[in-house]
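Examining the three-dimensional arrangement
Spelled out, the chains give:
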Amino acid sequence: IQEVLEQRHDLVVKATHHHSFLQTFIFTPTDWHLLRKCPCPVLLVKEGHWQRGGNIIAAINCSSDDPDQKLLNERITQEGSDIAELLGSNLYLVNTYPGTPVNVAIELPEFDPNAYNEAIRKHHESLLLSHADKFGIGHLWTRVAEGLPEEVLPDMAEELKATLMIMGCVGRTGLSAALLGNTAEHVIDRLSCDILILKPADYSCPVDSRRHQS
């Protein structure tokens, strides 16, 4: 991180491997430090090879009204389009959405979870297709799936035989990071393909550069 701050590098590439739950819980792996604190994009590389004509996934969150999240969605999509064009690959836009809250279904007998799920799915599908249209991405290259991102995205990558997944990371630190972790961090260990992590444009690195300190 000091090297990136001082030399203003555009990308950090690092080999990664599976961390057991025990290791991840007790120790914070280097990967996690980089995801949370590195000011430039981080490419975590596993054993596979990128293929010409393969599949790339851009994982976005279309349901958020946060302007920063929308800008991050656009950056993820644009980076994905550029890389896909360079490699002659297919770019899939993927958006996940939460399922029916169990407590609501139990407490309200008249509640129809199927109708609720269908309405939520259509809402997220509409948001994703609208986002795809802005980038000229065909609707056949979009996927909306129910479930937590850390459960859905690895399965989606396996199904599409993706060689790369691109997603955002808000860089959560402190107690919230220890208790909640981060979607990107939860995904990493289950993902068999490489992953490119992008930060929001206004991300502020919590590490002071040595040059600044001196």
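Summary of the structure given here. (Residues numbered from 1 in each chain as written. Predicted model: local features only at pLDDT ≥ 70, side-chain atom pairs only at ≥ 80, totals over all residues. Heavy atoms only, no water.)

1. Quick word on the nonpolar core
Formed by 29 residues in total, the largest nonpolar core has its most connected members in Ile57, Met165 and Met167. Among the secondary structure elements, those contributing two or more residues to this core are helix 3 (30-37), strand 2 (42-45), strand 3 (55-59), strand 4 (90-97), helix 7 (149-160), strand 6 (162-168), helix 9 (183-188) and strand 7 (194-198). Looking at which element gives the most residues to this core, the answer is helix 7, with 5 residues. When neighbours within four sequence positions are excluded, Met165 is seen to be in contact with Ile57, Ala59, Leu153, Ala157, Val187, Leu191, Cys193, Asp194, Ile195 and Leu196. Residues Leu43, Ala58, Ile83 and Leu128 belong to the second largest nonpolar core, which totals 19 residues. (Core = buried A, V, L, I, M, F, W, Y, C linked by side-chain atoms within 4.5 Å. Buried < 20%, exposed > 50% of the residue type's maximum accessible area, 1.4 Å probe, protein only. Helix = DSSP H or I, 4+ residues; strand = E, 2+ residues; numbered from the N terminus. Contact = heavy atoms within 4.5 Å.)

2. So, the sheet that holds strand 5 (residues 142-146)
Sheet strands pair by backbone hydrogen bonding; their relative direction is either parallel or antiparallel. Taken together, the 7 strands give an open sheet; going across it, the order is 1-2-7-6-3-4-5, and neighbouring strands pair in mixed fashion. At either end of the open sheet lies a strand with only one pairing partner, and these are strand 1 (12-15) and strand 5. Mean inter-strand twist for the sheet, computed between neighbouring axes without regard to direction, equals 20°. Where strand 4 meets strand 5, 5 bridges bridge the pair, whose relative direction is parallel. (Pairing = 2+ DSSP bridges. Axes fitted to C-alpha atoms, helices over the stretch in contact; angles between N-to-C directions.)

3. So, the pattern of salt bridges
The tally for this structure, following the rule as stated, stands at 6 salt bridges. Across the salt bridge formed by Arg121 and Glu118, the nearest N and O atoms sit 2.7 Å from each other. With a gap of 3 residues between them, Arg121 and Glu118 both fall in helix 6 (residues 113-134), about one helical turn apart. Bridged by salt links that share partners, the residues Glu118, Arg121, Lys122 and Glu125 form one connected network. (Salt bridge = Lys/Arg side-chain N within 4 Å of Asp/Glu carboxyl O.)

4. A word on the state of the cysteines
Every disulfide links exactly two cysteines, by a covalent bond between their sulfur atoms. Following the criterion strictly, the structure yields 0 disulfides and no others. Cys38 provides the cysteine sulfur closest to Cys40, a residue in no disulfide bond, and the two sulfurs are 3.8 Å apart. You can call Cys40 buried: its relative accessible area is 6%. (Disulfide = S-S within 2.5 Å.)

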